[in-house]
Amino acid sequence: MNELTDSQQQAVDHKEGPLLVLAGPGSGKTRVITHRIARLVEVGVAPQQILAITFTNKAAREMVERVESLLPQAKPWVGTFHRFCARLLRRHARGVGLEPNYTILDTSDQRRLLKSVMAELDHDATHFPPQAIAARISRAKNGLQDPQSWAENSRTGIGDFQGRIMAEVYPAYQRALQRSNAVDFDDLLLHVATLLRENSELRRQLDEQYSYILVDEYQDTNLPQYNIIRALSQDFPNLCATGDPDQSIYAWRGAEIGNILRFEQDFPDAEIVRLEDNFRSTKEILRQADLLIAHNVHRKSKVLVTNNDDGPPVELLSFPDGVAEAEGIARQIRTLVEETGRGWSEFAIFYRVNALSRSLERALQRHRIPFQVAAGVGFFERTEVKDIVAYLRLIANPADRTAFERVVNKPARGIGKVTLSRVIKWAAEQGTSLLEAAAAAENIPKLNKRAVKALHGFAQLINELSQNSNSPVAELMNKVLVQSRYTHGWEDDLSDQIEERRANVQELITAAEQYDAEQGQSASLEGFLEDSSLVSDVDQLDDDSGSVTLMTLHAAKGLEYSVVFIVAVEENILPHERALQSEDSFDLEEERRLLFVGMTRAKEQLYLTRTERRNYRGRSQSAIPSGFLQEMDLTAIDVNPEPSGPDWDDAHDQDDSLDDFEPVIKRRPPLDEQADRPQLMTAADLLNGTSSAAKLPLGFSIGMQVRHPQYGVGTVVDVDGFGRRKTATVEFPSGERRHFDIAKSPLQPVGLR
DNA sequence: TTAACTCGTCTTTTT
DNA sequence: GACGAGTTAA
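Residues numbered from 1 in each chain as written. Chains lettered and ligands numbered in written order. Predicted model: local features only at pLDDT ≥ 70, side-chain atom pairs only at ≥ 80, totals over all residues. Heavy atoms only, no water.

1. A closer look at the overall build of chain A
Using the following cut-off: Where helices and strands are cited, they refer to DSSP runs of H or I of at least four residues and of E of at least two residues respectively, numbered from the N terminus. Only protein chains enter the area calculation, which uses a 1.4 Å probe; residues under 20% of their type maximum are buried, those over 50% are exposed, and those in between are partly exposed. Each accessible area is a Shrake-Rupley result for a 1.4 Å probe, and residues are judged covered by the shown protein chains and nothing else.
Scanning chain A from N- to C-terminus turns up 30 helices and 24 strands. With 753 residues in all, chain A has 52% of them scored as buried. Carbon and sulfur atoms provide 49% of the accessible area of chain A, an area that totals close to 34,500 Å².

Here is the structure:
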């Protein structure tokens, strides 16, 4: 296996000048890149001159490991575009009007800020959804348009209300970011592109510094990324781009498939290497994938060949509904594990939209199959974690408006909506940060004494904490917890929600300790915050977790599994209805590529599934088989799971509709597993976030006795929802039934578990 | 100011 | 179905 093929060798040995590696799925692309890096170092290139850009942190980590195993002393910089830009921007922040301690907003922070800005401008958020505005802003930024050039380039017609709002909001949002000394994800790229365009000396320097650049997944680069790469490859055009136009699935995010198609024109003397030997999949899987992708018109045709076995046929499984589908997949996985001795981690289930994971998770849970999900509430998105991180952000960057708004009243200090809006207004007039405004609260008109005092107290708290901003992150975090009294009142609270929060906080401290230890001397608050905002869901997946992996088709790119299931291959889901509605045939082709990417993840066995009816978006609709299915030559199998034997209970469980009418005791996932749950979850459990351990229903199960401070003791008669959105219906002795948000209500379990 | 409740809107994929 | 915004009662 250590042998490289001729074309792989060719790519590895190429030294100077631009190189394009067109790599089909499973053609050993990562091997080529890692070997190439090692080779460059061997022939005398300094590791610091090499810049390798990957698509995900996970891919980066993997690459670092593989390069290290080839050549331990080589330590080139490997990371994502966003990370690279964040780091560069740290050093050259002033060039774009930022301070080096700027913060990076994630999607939810960004939306909050946008909302806040819109509220300030008196735009009714219900009529003009911030979501839509955010999307337009993002599109503008991906097109390298700042507010000014956007305004120049877009004639907003009389009827285009959203466009007119945009013309007002975009500049205001951008000013708010600037004043907060903050950037959103798009800005990271945009600012760096601007920096390189406007500062030719800096461009020259960096071009020289990174004289050997490798970019993975080049087909997914957008305009700012493309400009950055080009700017860094002028005097030293030793650019090695790898990618596959057939795997371009991020056009919706501004990726330009044209970038890879144009490579030869952009870099006239480029060498092109094609990797067409597939080492991953069976002949049958490749044949089907090829049949599918051949239907894309806007495509250079390409062959995929393999010496692997023919393999079993690719099956299309049809089920009556989504529950049966999930059930059938769970059973099939179990059967395959029992019959062929495969491990759980050899299986993956892909879906087009995250919403489809629910029924799958339930079925796997019923069958006691361990699984991990790449999605959902990531660790750094949990409330407690975000709160504490917001404190840290405010310490690192006192101008950070989003962070201020988030924690100014956490824990409750009597600073409510009204007070806050007055502070915001005053700060805007004075041109100060919110924190400065809080410190000078006595000058703000219309505030009552209590509010002034509370604001002073908060400003002082942050001020005191800031004295420690250079101590290790974990230490600082502990000070934050103590002095802010964030966990005050949690001490002798044994309820499960508090327990979970405590565990989250503990886990965050552990993460900080880990960061301090790993970074040693170079540890910094900014660095930790940067890490925490640039991790993604896929990054947290564990290859040898011994569990089945669930994820979206997008997240699946670059991965491989022995057995793959792709669910809901139905019209309006895959292809997605948005693509079907679109006039542009490119959108439909992207959906086809998405399925292609999913299919080519499979090494040995591939199943596509569909149903007759599907519960989706709250209603049951009849499902039409995806048009893509006819483009292949699949073996169709009807699966009608006869409710039989021990599974009868499960089948019965599926019928939720009766529960409204009679108080049937619902069967819950095995109670013994709940009882066995360790008091504290392991770090791995928490990082996986949605691992089976964390997914077990927390506390409140049907029949349980609970106490409410107001209504007294009652019995839980129903539980609904997930995670923070979980609700419980409680019946009190008076016969009265009430509905509670578990995360918000003061419900307490009575007695011992 | 806070918690419970009611109502209305949106609904893809992610760094 | 999920989630946010607004309303009401304390």
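Having seen the structure, we can now continue with the description.
2. As for the pattern of salt bridges
Pairing between side chains of opposite charge can happen when the charged atoms of each approach one another. What counts is decided by this rule: The working definition used for a salt bridge is a side-chain nitrogen of Lys or Arg within 4 Å of a carboxyl oxygen of Asp or Glu.
Summed over the entire model, instances satisfying the criterion amount to 46 salt bridges. The salt bridge involving Asp109 is made with Lys386; its shortest N-O contact spans 2.9 Å. You can see Asp109 sitting in helix H5 (residues 107-120) and its partner Lys386 sitting in helix H17 (residues 383-396), a full 277 residues away along the chain. Take Asp109: its relative accessible area is 4%, and that puts it in the buried class. When its relative accessible area of 8% is taken as the criterion, Lys386 is described as buried. One continuous salt-bridge network, built from bridges that share partners, spans Lys29, Asp216, Glu217, Asp220 and Lys557.

3. Digging into the packing of H17 against helix H22 (residues 473-484)
Put simply, the test is: For helices, the fitted line uses only the C-alpha atoms of the stretch in contact; every axis is such a line through C-alpha atoms, and the angle between N-to-C directions lies from 0 to 180 degrees. An angle below 35 degrees is treated as roughly parallel, one above 145 as roughly antiparallel, one from 65 to 115 as roughly perpendicular, and anything else as oblique. Only heavy atoms enter the contact rule, under which two residues are in contact if any of them lie within 4.5 Å. As a working rule, the residues Ala, Val, Leu, Ile, Met, Phe, Trp, Tyr, Cys and Pro are called nonpolar, Asp, Glu, Lys and Arg charged, and the rest polar, with Gly in that last group.
Between H17 and H22, whose axes approach to 10 Å, the crossing angle comes to 105°. As judged from the angle between their axes, H17 and H22 are roughly perpendicular. Counted together, Ile388, Tyr391, Leu392 and Ile395 of H17 and Val473, Leu476, Met477, Val480, Leu481 and Ser484 of H22 form the full contact between these two elements. Tallied by class, the residues present in the contact of H17 with H22 amount to 9 nonpolar, 1 polar and no charged.

4. Remarks on the packing of aromatic side chains
Condition: Any Phe, Tyr or Trp ring, taking Trp's six-membered ring, that has another such ring centre within 6.5 Å forms a pair; planes under 30 degrees apart are called stacked, those over 60 apart edge-to-face, and the others tilted. Only Lys NZ and Arg CZ are tested; either one counts as a charge over a ring when it is within 6 Å of the ring centre and within 35 degrees of the ring normal.
Taken as a whole and assessed by the stated rule, the structure comprises 11 aromatic pairs. Ring geometry for Tyr218 and Phe263: centres 5.7 Å apart, planes at 90°, overall edge-to-face. Remark: Phe263 occurs in helix H13 (residues 263-266) and Tyr218 occurs in the loop between strand S6 (212-215) and helix H11 (223-231); sequence separation between them is 45 residues. We classify Phe263 as buried; its relative accessible area is 0%. Each ring, one from Phe565 and one from Tyr607, has its centre 4.7 Å from the other, and the planes form 10°; the classification is stacked. Of this pair, Phe565 sits in strand S15 (residues 561-566) while Tyr607 sits in strand S16 (residues 602-611); the two residues are 42 residues apart in sequence, bridging distant segments of the chain. Three or more aromatic residues joined by ring pairs form one cluster here, namely Phe55, Tyr250 and Trp252. The cationic tip of Arg90 hangs over the ring face of Tyr102; the distance from NZ or CZ to the ring centre is 4.0 Å.

5. Describing the confidence of the model for chain A
Formally: pLDDT runs from 0 to 100 and stands for how confident the predictor is about each residue.
Taken residue by residue, chain A gives an average pLDDT of 80. The fraction at 70 or more is 80%. pLDDT under 50 marks residues 643-699. Its contacts with residues more than four places away, or in other chains, come to 69 contacts. Contacts of residues 721-726 to residues separated by more than four positions or lying in other chains number 17 contacts, the stretch itself having pLDDT below 50.

6. Observations concerning the side chain of Thr242
Using the following cut-off: Nitrogen and oxygen atoms within 3.5 Å of one another constitute a polar contact, given that in protein one can donate a hydrogen and the other can accept it, and given that sequence-neighbouring residues count only through two side-chain atoms.
If you trace the backbone, Thr242 turns up in strand S7 (residues 238-243). Within the structure, the side chain of Thr242 is placed 2.9 Å from the side chain of Asp216, a separation counted as a polar contact. If we skip the residues at most four places from it in the chain, Thr242 touches Val21, Lys29, Ile33, Val215, Asp216, Glu217, Tyr218 and Gln219.

7. A word on the packing of H17 against helix H21 (residues 449-466)
Running from amino to carboxyl end, H17 crosses H21 at an angle of 75°, the nearest separation of the two axes being 9 Å. Taken together, the axis directions place H17 and H21 in an arrangement best described as roughly perpendicular. Residues Tyr391, Leu394 and Ile395 of H17 pack against Phe458, Leu461, Ile462, Leu465 and Ser466 of H21. Of the residues belonging to the contact of H17 with H21, the class tally is 7 nonpolar, 1 polar and no charged.

8. Considerations on the pairing of S15
Worth spelling out the cut-off: Here a strand pair is declared whenever DSSP counts at least two bridges between the two strands.
In terms of burial, S15 is a largely internal element, 6 of the 6 residues being buried. Alignment of strand S12 (residues 347-351) against S15, held across 4 bridges, turns out to be parallel. Looking at the pairing, Ile349 lines up with Phe565 of S15. Looking at chain direction, S15 and S16 are connected through 5 bridges and run parallel. Within S16, the residue paired with Ile566 across the bridge is Leu608.

9. Quick word on the nonpolar core
Convention followed: For this analysis, a nonpolar core means a set of buried residues of the types Ala, Val, Leu, Ile, Met, Phe, Trp, Tyr and Cys, connected via side-chain atoms within 4.5 Å.
Leu392, Phe404, Phe458, Met477, Leu508 and Phe528 are the most contacted members of the largest nonpolar core, which totals 53 residues. Secondary structure elements with two or more residues in this core: H17, helix H18 (401-407), helix H19 (417-430), helix H20 (434-439), H21, H22, helix H23 (496-519) and helix H24 (525-534). Apart from residues lying up to four places away in sequence, Leu508 is in contact with Phe379, Phe380, Val385, Ile388, Val389, Met477 and Phe528. Residues Leu20, Leu51, Leu88 and Val192 belong to the second largest nonpolar core, which totals 43 residues.

10. Re the side chain of Asn142
Along the chain, Asn142 falls in helix H6 (residues 130-142). Relative accessible area serves as the criterion here: at 11%, Asn142 is assigned to the buried category. Excluding residues that lie within four positions of it along the chain, Asn142 makes contacts with Asp186, Asn222, Leu223, Pro224, Arg253 and Gly254.

11. A closer look at helix H14 (residues 283-293)
Since the α-helix packs 3.6 residues into each turn, any two residues three or four apart lie on the same face. The complete set of buried residues in H14 reads Glu284, Ile285, Leu286, Gln288, Ala289, Leu292 and Ile293. Contacts from the buried residues of H14 go to strand S9 (277-278), strand S10 (305-306), helix H26 (585-599) and S16.

12. Quick notes on unusual backbone geometry
In this model, Leu574 is joined to Pro575 through a cis peptide bond whose omega is 5°. Its location among the elements puts Pro575 in the loop between S15 and helix H25 (577-581).

13. Some words on the pairing of S16
Among the 10 residues of S16, 8 are classified as buried, and the element is accordingly described as predominantly covered. Taken together, the 5 bridges between strand S11 (residues 315-319) and S16 define a ladder with parallel strand orientation. Counted as the bridge partner of Phe319 is Thr611 from S16.

14. Some words on the sheet that holds S12
Taken in spatial order, the 7 strands line up as S13-S14-S12-S15-S16-S11-S19 in an open sheet, and their pairing is parallel. Of all the strands in the sheet, just strand S13 (371-373) and strand S19 (635-638) have a single pairing partner and so form its edges. Across the sheet, the mean angle separating the axes of adjacent strands is 25° when strand polarity is ignored. Across 4 bridges, the pairing between S11 and S19 is parallel. Bridging from a neighbouring strand, Ser318 pairs with Asp638 of S19. The sheet contacts of helix H15 (residues 322-340) involve S11, S12, strand S14 (548-552), S15 and S16, and relative to S16 the element is tilted by about 155°.

15. Quick notes on the sheet that holds strand S8 (residues 271-275)
Taken together, the 6 strands give an open sheet; going across it, the order is S3-S2-S6-S7-S1-S8, and neighbouring strands pair in parallel fashion. Among the strands making up the open sheet, the edge pair consists of strand S3 (77-80) and S8. Recorded for the sheet is a direction-independent mean angle of 15° between the axes of neighbouring strands. Where strand S2 (residues 50-54) lies against S3, 4 bridges are found, and the strand directions are parallel. From the neighbouring strand, Ala52 faces S3, where its bridge partner is Val78. Against the sheet, helix H4 (residues 81-92) engages S2, S3 and S6, with an angle of about 110° to S3.

16. Overview of the state of the cysteines
Under the convention used in this document: By convention in this document, the label disulfide applies to cysteine sulfur atom pairs within 2.5 Å.
For the structure on display, the rule yields 0 disulfides. Unpaired in this structure, Cys85 has its nearest cysteine sulfur neighbour in Cys240, at a distance of 19 Å. With relative accessibility at 0%, the residue Cys85 sits in the buried group. The exposure class of Cys240 is buried, given its relative accessible area of 2%.

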